[in-house]
Amino acid sequence: MAASDIHYLSAGELGRRIHKKEISPSEAVKAYLDRTEKLQPTYHAYITVNKEEAMEQAKVLDKEAAAGKFRGPLHGVPVAIKDPVGVKGWPSTGGSRIFKDNVVNQDSTIARKLKEAGAVIIAKANMTEMGIAETTEFPWGTPKNPWNHDRSTGSSSAGSGAATAAFMCAASLGGDTGGSIRIPASYCGLVGLRPSFGRVSRHGVMTVTWSMDTIGPMTRTVEDTALMTQAIAGYDPNDRYTYDAPVPDYTASFSRGIKGLRVGVIKELIEAEQVDKEVAAAVKTAVKKLHDLGAKVEEVSLPMVLHSGPIHWVICYSEFGTTYRDIIRTRARELTHMVRIAVLAGSLLPAQSYYKALLLREMLRRQVLAAFDRFDVLVSPTMPTAAMERAKSVHTESKDMVSSWVTGPVRMTAPFSHANTPALSVPCGMTSERLPIGLQIVGKPLDEETVLRAGHAYEQATDWHTLRPPGV
Amino acid sequence: MSDLSKAEIQVLGKAVQLHINEPELTEVAYHANALLEAMEAIREPGLEAMEHVPIVVPPLGSLASPGKKKG
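Here the structure is a predicted model, which is why all the values come from computation and not from measurement.

**Details of the overall build of chain B**
- For chain B, the helix and strand inventory stands at 2 helices and 0 strands.
- Burial statistics for chain B: of 71 residues in total, 37% are counted as buried.

See the structure below:
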């Protein structure tokens, strides 16, 4: 294979070729670094690229491979991780200029696990400032959606989405509080998994909304998402919210298929007025494909999901208003405009509103979990539309403008952040404007295995994952 | 519910040691009022009886629906 084509391989396939010694880790890393150098000025996908350390690590992995020692299926595979995930000796800015000199002195558990698995971290991915998803301001440059540069990449893991869709890394990690992995995955034609809260350690990861933040993969195939999840999941004594539960071999379950799998189609999320007709049609076709593959499909009603927007934003505003309480008092002028407004407003919300939101979240969670008495997975569109045009203004012109996004698209993804369930977005179609559409597959808490198995079966029966953005 | 005025927003800010003025004040008021209004509008029966459960994931063994006992 020509070095110029290495980047088109999936992470899993690249790992297999490295294992067969057809490609060396150094060749793989160099191919991605060369491509990054060429495309970064266009896509603004990364905040930090560390060529020297990546090549040094690749050479160590070369030697191990030459001696027949392989750390696992990601041995020598170049990856990017969202900026808040700490890597020893690299800055963690959280997307903010305020933290530009915040060089961390130890690896996060995730970075350590990736390195132990043989993955080579080549870059830290761009994001909205502080991971506050509703902002459109990117202090480190605006990541471009490879499918259409005038459309949003989705946020907050915008850089991970742009980098992975533009083949600037073999796989990446994003962060998902209310949908920040699944939204850019849907907009950029990628696979993205929000793991169960407690499945992946957050030790050494900067916080946005501590009660719902998760870190998970964004990749070009479901297999790659499974491999990345395998590498980073598991109990961590440094994070007391991680579960001491076994981590299954995710790819091993793929061969079981989905015959007999009980699939619930969430009525409120597919019939919502705001769901674009092309999106609804693509998701209904995807549901039929699941049925054709042997799944038992039924409709399920979860009316509490209609409240998930206000629940989500009141919790987020209250928690990030607290997380950034010192910054808003001492360095407010250094924040971008929308983040400053959001943190100020979050600082004012009364405890009673936050507490009501917590109780409503629990009601919603119970309704979602009760559905799993009847179903193995639930499905919906990931987003109501394909990638939207990027916002032109950073200013809020009216209360109605806020009200519309408070009750808007996040209602598709946030319910499963509230229920603490794993949720996968997998490409399931294209609009007439050639923009990707995502199918969301949700499972029981800690049951990433079934979610990935369903996603893989669907993916392998379709060819959406093989499409490339124009000119990429 | 009626919107908080800009003066009331400033008082709320003062209570948490934040001095909020223009050019932020108007937009902060839009955000705070929209969020408070959206939360106030939710009238879900049974909310008052909801248990105050912590945010962490329930153990897998308790996934059965509320009230359903494990066999």
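So, next bit.
**Let's talk about the interface of chain A and chain B**
- At the junction of the two partners, chain A supplies 52 residues and chain B supplies 42 residues.
- Where chain A abuts chain B, roughly 4,400 Å² becomes buried across the two surfaces, and 70% of that area is made up of carbon and sulfur atoms.
- Of all residues in chain A, A:Leu348, A:Arg366 and A:Lys399 give up the largest surface area on contact with chain B, accounting jointly for 16% of the area buried on that side.
- At the boundary of chain A with chain B, the tally comes to 4 salt bridges.
- The salt bridge partner of A:Lys399 is B:Asp3, with a shortest N-O separation of 2.8 Å.
- Scanning the region where chain A abuts chain B turns up 13 residue pairs in polar contact (both at pLDDT 80 or more).
- Of all the secondary structure elements, the ones that give two or more residues to the side of chain A that touches chain B are helix 10 (308–323), helix 11 (325–330), helix 12 (337–348), helix 13 (351–371) and helix 14 (399–406) of chain A.
- The dominant element in the side of chain A that touches chain B, judged by the number of residues it contributes, is helix 13 of chain A, at 13 residues.
- When its residues are assigned to classes, the side of chain A that touches chain B shows 30 nonpolar, 10 polar and 12 charged.

**What about the side chain of B:Asn33?**
- On the secondary structure map, B:Asn33 appears in helix 2 (residues 25–40).
- Not counting residues within four places of it along the chain, the set of residues in contact with B:Asn33 comprises A:Lys399, B:Asp3 and B:Leu4.

**Side note on unusual backbone geometry**
- Cis geometry marks the peptide bond from A:Ser155 to A:Ser156, where omega comes out at 10 degrees.
- Looking at the secondary structure, you find A:Ser156 in the loop between strand 3 (120–125) and helix 5 (158–165).
- Note that the residue after B:Glu22, namely B:Pro23, is joined by a cis bond; omega there is 15 degrees.
- Looking at where B:Pro23 falls in the secondary structure, it is placed in the loop between helix 1 (6–15) and helix 2.
- In this structure, A:Asn420 is a non-glycine residue whose phi angle is positive, near 55 degrees.
- Along the polypeptide, A:Asn420 turns up in the loop between helix 15 (410–418) and strand 10 (423–430).

**Quick notes on the pairing of strand 6 (residues 214–219) of chain A**
Residues and elements named next belong to chain A.
- Strand 6 sits mainly inside the fold: 6 of its 6 residues count as buried.
- Bridging between strand 4 (residues 171–176) and strand 6 involves 5 bridges; their strand directions are antiparallel. Its bridge partner being in strand 6, serine 172 is matched across the sheet by methionine 218.
- With 2 bridges connecting them, strand 5 (residues 191–194) and strand 6 associate as antiparallel partners. Its bridge partner lying in strand 6, glycine 192 is registered against methionine 218.

**Brief notes about the sheet that holds strand 8 (residues 296–300) of chain A**
Residues and elements named next belong to chain A.
- Taking strand neighbours across the sheet as the criterion, the 11 strands line up as 1-3-2-4-6-5-10-11-9-7-8 in an open arrangement whose pairing is mixed. In the strand order of this sheet, the two ends are held by strand 1 (46–49) and strand 8, each with one partner. Neighbour to neighbour, the strand axes of the sheet diverge by 30 degrees on average, direction disregarded.
- Relative to strand 10, strand 5 is paired through 3 bridges, and the arrangement is antiparallel. Its bridge partner being in strand 10, leucine 193 is matched across the sheet by leucine 424.

**Description of the confidence of the model for chain B**
All names here are of chain B.
- When pLDDT is averaged across chain B, the result is 82; 73% of the residues are at 70 or more.
- Of the regions scoring below 50 in pLDDT, residues 60–71 engages in 12 contacts with residues more than four places distant in sequence or in other chains.
- Both confidence scores are given for the complex: pTM 0.96, ipTM 0.94.

**Quick look at the environment of A:Glu433**
All names here are of chain A.
- Counting through the fold element by element, glutamate 433 comes out in the loop between strand 10 and strand 11 (436–443).
- Separated by 47 residues in the primary sequence, glutamate 433 and alanine 386 have C-alpha atoms spaced 9.2 Å apart.
- Within the structure, the side chain of glutamate 433 is placed 3.1 Å from the side chain of arginine 151, a separation counted as a polar contact.

**Observations concerning empty space enclosed by the protein**
Residue and element names in this part refer to chain A.
- Applying the stated criterion to the full structure yields 3 cavities of 30 Å³ or more.
- When its volume is computed, the largest cavity comes out at roughly 60 Å³.
- Lining of the largest cavity is provided by Pro195, Ser196, Phe197, Gly198, Val200, Arg202, Asp213, Thr214, Ile215, Asp239 and Tyr241.
- Classifying every residue of the lining of the largest cavity gives 5 nonpolar, 3 polar and 3 charged.
- Taken as a whole, the second largest cavity holds about 50 Å³ of empty space.
- Around the second largest cavity, the lining residues are Trp147, Gly189, Pro427, Cys428, Gly429, Met430, Pro436, Ile437, Trp464 and Leu467.
- Elements supplying a minimum of two residues to the lining of the second largest cavity: strand 10 and strand 11.
- Residue contributions to the lining of the second largest cavity peak at 4 residues, all from strand 10.
- Split by residue class, the lining of the second largest cavity holds 8 nonpolar, 2 polar and no charged.

About the criteria used
Residues numbered from 1 in each chain as written. Chains lettered and ligands numbered in written order. Predicted model: local features only at pLDDT ≥ 70, side-chain atom pairs only at ≥ 80, totals over all residues. Heavy atoms only, no water. Helix = DSSP H or I, 4+ residues; strand = E, 2+ residues; numbered from the N terminus. Buried < 20%, exposed > 50% of the residue type's maximum accessible area, 1.4 Å probe, protein only. Contact = heavy atoms within 4.5 Å. Buried area = accessible area lost by both parts, 1.4 Å probe. Salt bridge = Lys/Arg side-chain N within 4 Å of Asp/Glu carboxyl O. Polar contact = N/O pair within 3.5 Å; in protein donor to acceptor, adjacent residues only side chain to side chain. Nonpolar A, V, L, I, M, F, W, Y, C, P; charged D, E, K, R; others polar. Pairing = 2+ DSSP bridges. Axes fitted to C-alpha atoms, helices over the stretch in contact; angles between N-to-C directions. pLDDT = per-residue confidence, 0-100. 1 Å grid on protein atoms, 1.4 Å probe; cavity = no way out; pocket = protein on both sides within 12 Å on 5 of 7 lines; lining within 4 Å. Points joined across faces, edges and corners; volume = space filled by probe spheres on them.

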